Amino acid sequence: MVARLVIAAPSSGAGKTTVATGLMAAFAGRGLAVSPHKVGPDYIDPGYHALATGRPGRNLDAYMCGTGLVAPLFAHGARGCDLAVVEGVMGLYDGAADQGELASTAQVSKLLKAPVVLVVDASSQSRSVAALVHGFASWDPEVRIGGVILNKVATDRHEHLLREALGESGVPVLGVLRRAPAVATPSRHLGLVPVAERQAAAVSAVAAQAEQVLAGCDMEALLALARSAPELHAEPWVAEVGERLHACGSGVPTRSAPAERMPRPVVAVAGGAAFTFSYAEHAELLTAAGAEVVTFDPLRDEALPEGTSGLVIGGGFPEMYGSELSANEPLRKAVAALAASGAPVAAECAGLLYLARSLDGTPMCGVLDAEARMSSRLTLGYRDAVAVSDSVLAPAGARMRGHEFHRTVIEPGAGASAAWGLRQPERRVEGFVQGGVHASYVHTHWAGAPEVAARFVGRCAGGPVA
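The following refers to the structure shown.

Another aspect to go through is the pattern of salt bridges. Pairs may arise between side chains of opposite charge once their charged atoms sit close together. Under the criterion given, the structure shown has 20 salt bridges. Note that Asp297 and Arg300 form a salt bridge whose closest N and O atoms lie 2.8 Å from each other. By relative accessible area, which is 12% here, Asp297 ends up buried. With a closest N to O distance of 3.0 Å, Arg399 and Asp384 form a salt bridge. Residue Arg399 is found in strand β17 (residues 399-412), and its partner Asp384 is found in strand β16 (residues 370-387); the two are separated by 15 residues along the sequence. Exposure remark for Asp384: the relative accessible area of 9% places this residue in the buried category. A single network of salt bridges, built from pairs that share partners, joins Asp156, Glu159, Arg163 and Arg178.

Here's what the structure looks like:
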């Protein structure tokens, strides 16, 4: 089985992404095939991981996909690699609210039988670091913390104090990183700025992260720790589609036959800088269901791909590109015409905003009778959802698990039914189902319910409509 490390921290903001991405790039630069992974629903960090390794960044989400799929999805991504680096989420033991350890980095490390490297922001402490590390290392005896990387260390004297304090902790220091502005990645209201929006700068930042890691970390010790992980008996996940939507999160992988010989409908998938939120497994499942997946950029392409029979518009930052998206009037009209024809359209979060009449007063596609606007309130968290209406993604009554993450609100008009009834944290209905359109703020991971792809492609199979 592939050697593997989980990069975790006591809390958010300690430098997990910098260290994980730097390690990925540094090991890849030494000629190793590195498989990048991210715990949780984050879309942005995997973009930096992909830049560092040349492989798709993949998410491991025990809430949305079920605990039983974590190891198979990991094995799928890591197939043929020498090393896998898994970046954690939030603090090591933080997971889904009110769900115990579910979806935490600690749980994923146990499911993968992977040693953990704890990244500690040491900027405001010295001897206390030993108590912090001891607490994290002893909290759950099933979590193996194999070493610590001290981040944001100020001086040689500071490093000496930290090393001295940790000397009797039993947890080795595997790296010391100084404060380095060159490795920083800019952030805004929903986290880091995606790679697609700053390609050249992102390349430079990843290179700087790799240099910092090489200079400050014991690479041989880290590799030895990764190779000490025990055998993981997990059959790699395969992009296969089933016939019946089940309750997501059961942890039971589905193994049913892929779609039989059928016409290969073209499914257009929005990409480019405005729509960067997508899980790699979605395109794989659409392809397995019989579709020809073609990516297009709503910022630049004035027409949908030739022969488009269905449209998928994922998340991203349309609020940052509202004027450019609006200026592409030919594409907005093409999207509206496709939706009016009854063709399947699946839109999540940013896709929902793009289908609205307007976003902050700027005209969008006008598919939905709704107005969207930016808000100061952050909506964030996992969601347990039930389909309210029959749609191109799910039959009424089907359960799905998903995730919301946005600072916008949408005010609906008339003419559409709700998409989801949310069961937690509060009960409410959400989203739109209108003809062949399913539009919602809720992000879902189709690996947890591959029948979604089968249902969507099945609705596309009647032939081109655009």
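Here the narrative resumes, following the displayed structure.
A few words on the environment of Ser389. Counting through the fold element by element, Ser389 comes out in the loop between β16 and β17. Taking the relative accessible area as the measure of exposure, Ser389 reaches 14% and is therefore buried. Spatially, the C-alpha atom of Ser389 lies 6.8 Å from that of Ala418, the residues being 29 residues apart in sequence. When near neighbours in sequence (up to four residues on either side) are disregarded, Ser389 contacts Ala394, Pro395, Ala396, Ser417, Ala418, Ala419 and Val433.

Here helix α14 (residues 451-460) has its buried residues at Glu451, Val452, Ala453, Phe456, Val457 and Cys460. Those residues of α14 that are buried are in contact with β10 (266-270), α10 (280-288), β12 (308-313), β13 (345-348) and β17.

The next point concerns the sheet that holds β12. Read from one edge of the open sheet, six strands run β11-β10-β12-β13-β21-β20, paired in mixed fashion. Bordering the open sheet on either side are β11 (292-296) and β20 (432-434), each of which pairs with just one other strand. Going from strand to strand, the sheet's axes swing by 15 degrees on average, the running direction of each strand aside. As defined by bridge partners, β13 adjoins strand β21 (residues 437-440) across four bridges and the pair is classed as parallel. The partner of Ala347 across the bridge, within β21, is Ala439. Sheet strands in contact with helix α12 (residues 329-340) are β11, β12, β13 and β21, and its direction is about 110 degrees off that of β12.

Examined against the element boundaries, Ala418 turns out to sit in the loop between β17 and β18 (420-422). On the basis of relative accessibility, which here comes to 18%, the residue Ala418 falls in the buried class.

This paragraph deals with the nonpolar core. Of all hydrophobic cores here, the largest spans 119 residues; its most connected members are Leu112 and Leu286. The residues contacting Leu286, other than those within four sequence positions of it, are Val267, Val269, Ala291, Val293, Val312, Trp446, Ala453, Phe456 and Val457. In this structure, Ile313, Ala350, Leu355 and Ala439 belong to the second largest nonpolar core, which totals 38 residues.

Now for the side chain of His37. Its place among the elements puts His37 in strand β2 (residues 34-39). Given a relative accessible area of 0%, His37 falls into the buried group. For His37, the side chain forms a polar contact with the side chain of Ser35, separated by 2.7 Å.

Summed over all chains, the structure comprises seven aromatic pairs. Seen in terms of ring centroids, Tyr43 and Tyr279 are 4.5 Å apart; in terms of plane orientation they differ by 25 degrees. Their pairing is stacked. Separated by 236 residues along the polypeptide, Tyr43 in the loop between β2 and α2 (44-53) and Tyr279 in the loop between β10 and α10 bring together distant segments of the chain. Judged by relative accessible area, which is 12%, Tyr43 ranks as buried. For Tyr279, a relative accessible area of 2% gives the class buried. Put simply, the rings of Tyr43, Phe277, Tyr279 and Phe317 pair up and form one aromatic cluster. For the cation-ring pair, Arg401 lies above Tyr63, with the distance from its terminal atom to the ring centre recorded as 4.3 Å.

Relative to the elements of secondary structure, Ser35 occurs in strand β2. Overall, the relative accessible area of 1% leaves Ser35 in the buried class. A polar contact is formed between the side chain of Ser35 and the backbone oxygen of Gly77, at a distance of 3.1 Å. Ignoring sequence-local partners within four residues, the contact set of Ser35 consists of Arg55, Gly77, Ala78, Cys81, Leu83, Ala84 and Val85.

Taken N-terminus to C-terminus, the directions of helix α1 (residues 16-29) and helix α9 (residues 219-227) make an angle of 95 degrees; their axes are 12 Å apart at the nearest point. One finds that α1 runs roughly perpendicular with respect to α9. Counted together, Leu23, Ala26 and Phe27 of α1 and Met219, Leu222 and Leu223 of α9 form the full contact between these two elements. Looking at the contact of α1 with α9, its residues break down into six nonpolar, no polar and no charged.

The next subject is α2. Within α2, seven of the 10 residues are buried, leaving the element largely enclosed by the surrounding structure. Burial in α2 covers these residues: Ile44, Asp45, Pro46, Tyr48, His49, Ala52 and Thr53. Remark: Gly54 follows α2 within two positions and exhibits a positive phi of approximately 75 degrees.

Rules of the game
Residues numbered from 1 in each chain as written. Predicted model: local features only at pLDDT ≥ 70, side-chain atom pairs only at ≥ 80, totals over all residues. Heavy atoms only, no water. Salt bridge = Lys/Arg side-chain N within 4 Å of Asp/Glu carboxyl O. Buried < 20%, exposed > 50% of the residue type's maximum accessible area, 1.4 Å probe, protein only. Helix = DSSP H or I, 4+ residues; strand = E, 2+ residues; numbered from the N terminus. Contact = heavy atoms within 4.5 Å. Pairing = 2+ DSSP bridges. Axes fitted to C-alpha atoms, helices over the stretch in contact; angles between N-to-C directions. Core = buried A, V, L, I, M, F, W, Y, C linked by side-chain atoms within 4.5 Å. Polar contact = N/O pair within 3.5 Å; in protein donor to acceptor, adjacent residues only side chain to side chain. Phe/Tyr/Trp six-rings, centres within 6.5 Å; stacked < 30°, edge-to-face > 60°. Lys NZ or Arg CZ within 6 Å of the ring centre and 35° of its normal. Parallel < 35°, antiparallel > 145°, perpendicular 65-115°, else oblique. Nonpolar A, V, L, I, M, F, W, Y, C, P; charged D, E, K, R; others polar.

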